[in-house]
Structure formats: structure tokens, C-alpha cells
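Descriptive analysis of the structure
Letter by letter, the chains look like this.
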Amino acid sequence: KTIKSYFTHKLTDAIVLFFVTMVATVALDLTYAIVIGVALSMIITINNLAKVHVNIEEETLIKDKDAAIVYSVGAYFFANGKELKNAIEKYGKTFDTYILSFRGVVSVDLSAESEFIEAVNYIKSLGSDFCFVGLNEYIFKDLEKIGFQKQVGAEHFYPNLEEYVKTITMSSAH
């Protein structure tokens, strides 16, 4: 039943793993097939975990501002740090404000920090404002150790989207 679902749901990674393990079982023996299957499974898992997904949505909670929330999900490190800037460039629309939500970011390799600076500088070059929301305390502290908040400005960090919206609403009311 499980193997059949690989094919009906077109689960490419599972199908490749199944066939490689099956061929190894026939060509070699069960012990080698298990080792090969486990090694390939680890490679596939690491490859999937190395992907960061960036999604941009227009924000409607902030009146009088054309804003976008840039959601990041996954782990940022040196190999995929450019995904943040690339997603903003590819979106094709410029907003007054970019809200960079890191709520779904589970890990940040400190080498990705320079890529975040590049994304912030790109946003500034568009004449847009930005803020970071939803950084978990571990990522915030790691970035703080290398002075990231000082480089981009501590005023651009909010614990969550609601705090940012409240701050913006209060400042536009005055």
C-alpha cells in the first residue's frame, strides 16, 4: 500500500529511493542495499532541509501603506542566503514597506548575514522601508552577537507582526 502511494502521489524522492534500494538488493545483497538506502535517504533529507522557501503576500492591515510580507520558511545558510533578495527582485512590484517575517526560519548560519544585508540594501535602493518580525530568540541572539541589528538598525526589529502594525498605526495617528 505504501509503495503504491509513492507512484499515485508522484513522490519522486521516494520512488528513486525505492528503485535504488531494490536494484542494490538484487545486484549486491541485503546488507549493502540497506546501507545504500540509508545513505541515499540521508542525502535526500539533507537536500530537502537545505531549501528555504520565500513567499511574498501583499499586506492589507496597514492603512495608507503599500506593504508586503515576505515569509521565509526553512534554514538560511551560505548556500541559500540569496533567496531572500532573489524573491523580492522576482516579485516584480515595489512596495512602500517590506515586512520580513522570519517566524518560519528555524536556523540561520551566520554566513547568511551578509546576504541579509544585501537584501536590506536592495530594499533601501528601491526607496522602500523594511522591518524584521518574528525572529525566534535563538536566531535573534545569534545575529545580535555579530552586530546585525546594529548594522541595519535596531528600530527595524519587532517581536511579531502585531507589534509592528500597532507601532505604525500609533505613529500615523500622531
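Here goes a summary of the coordinates provided. (Residues numbered from 1 in each chain as written. Predicted model: local features only at pLDDT ≥ 70, side-chain atom pairs only at ≥ 80, totals over all residues. Heavy atoms only, no water.)

Some words on the overall build of the protein chain
Under the convention used in this document: For the purposes of this entry, the term helix denotes a DSSP run of H or I that reaches at least four residues, the term strand denotes a run of E that reaches at least two, and both are numbered from the N terminus. Just to be clear, the radius of gyration here is over C-alpha atoms, and the globule rule we use is 2.2 Å times residues to the power 0.38. Any two residues whose heavy atoms approach within 4.5 Å at even a single point are treated as in contact. Note on areas: Shrake-Rupley with a 1.4 Å probe; residue coverage comes only from the protein chains shown.
In terms of regular secondary structure, the protein chain is built from eight helices and five strands. Each helix and strand of the protein chain, placed in order from N terminus to C terminus, yields the pattern α-α-α-β-β-α-β-α-β-α-α-β-α. Taken over the C-alpha trace, the protein chain has a radius of gyration of 21 Å; the compact-globule value for 174 residues is 16 Å, which it surpasses by more than 25%. In terms of its C-alpha atoms, the protein chain occupies a principal-axis envelope of roughly 75 × 35 × 25 Å. Restricting to contacts in the protein chain with at least 6 residues of sequence separation, those with at least 24 account for 67%. In the form shown here, the protein chain has an accessible surface area of approximately 10700 Å², with 60% of it arising from carbon and sulfur atoms.

Examining helix α5 (residues 113-125)
Threshold: For a helix, the expected span equals 1.5 Å multiplied by the number of residues minus one. In this scheme, a residue with accessible area under 20% of its type's maximum is buried, one over 50% is exposed, and one in between is partly exposed, where area comes from a 1.4 Å probe on protein chains only.
Relative to the 18 Å expected for 13 residues at 1.5 Å per residue, α5 spans 18 Å between its end C-alpha atoms, a close match to the ideal helical length. Turning to α5, its buried residues are E113, E115, F116, I117, A119, V120 and I123. Looking at the buried side of α5, the elements it contacts are β2 (67-76), α4 (83-91), β3 (97-108), β4 (129-133), α6 (137-145) and α7 (148-152). G127 lies just past α5 and shows a positive phi near 80°.

Points about the sheet that holds β4
This is how it is decided: Note on pairing: DSSP must find at least two bridges between two strands before they are called paired. For helices, the fitted line uses only the C-alpha atoms of the stretch in contact; every axis is such a line through C-alpha atoms, and the angle between N-to-C directions lies from 0 to 180 degrees.
Spatially, β1-β2-β3-β4-β5 is the arrangement adopted by the five strands of the open sheet, whose pairing is mixed. Pairing within the sheet leaves two strands with one partner each, and these edge strands are β1 (53-59) and β5 (157-158). In the sheet, β1 pairs with β2 via seven bridges, with the strands oriented antiparallel. Among the inter-strand pairings, E57 is bridged to a residue of β2, identified as I69. Contacts from α4 reach β1, β2 and β3, with the element oriented near 45° to β1.

Things to note about unusual backbone geometry
For K10, which is not glycine, the phi torsion reads 55° and is therefore positive. Since its relative accessible area comes to 67%, K10 is described here as exposed.

Looking at the pattern of salt bridges
Convention followed: The rule for a salt bridge is simple: a side-chain nitrogen of Lys or Arg has to be within 4 Å of a carboxyl oxygen of Asp or Glu.
Scanning the model with the defined rule gives nine salt bridges in all. Two residues, E89 and K85, come together in a salt bridge whose shortest N-O distance is 3.6 Å. Taken together, the residues E89 and K85, both in helix α4 and four residues apart, mark about one turn of the helix. We classify K85 as buried; its relative accessible area is 18%. Linking K166 and E163 is a salt bridge whose minimum nitrogen-to-oxygen distance equals 3.4 Å. Residue K166 and its partner E163 are both found in helix α8 (residues 161-173); the two are separated by three residues, about one turn of the helix. On the accessibility criterion, K166 (45% relative accessible area) is partly exposed. A cluster of three or more residues bridged by salt bridges with shared partners is formed by K82, K85, E89, E115 and E118.

Bear in mind that shape data such as this cannot, by itself, settle questions of function.
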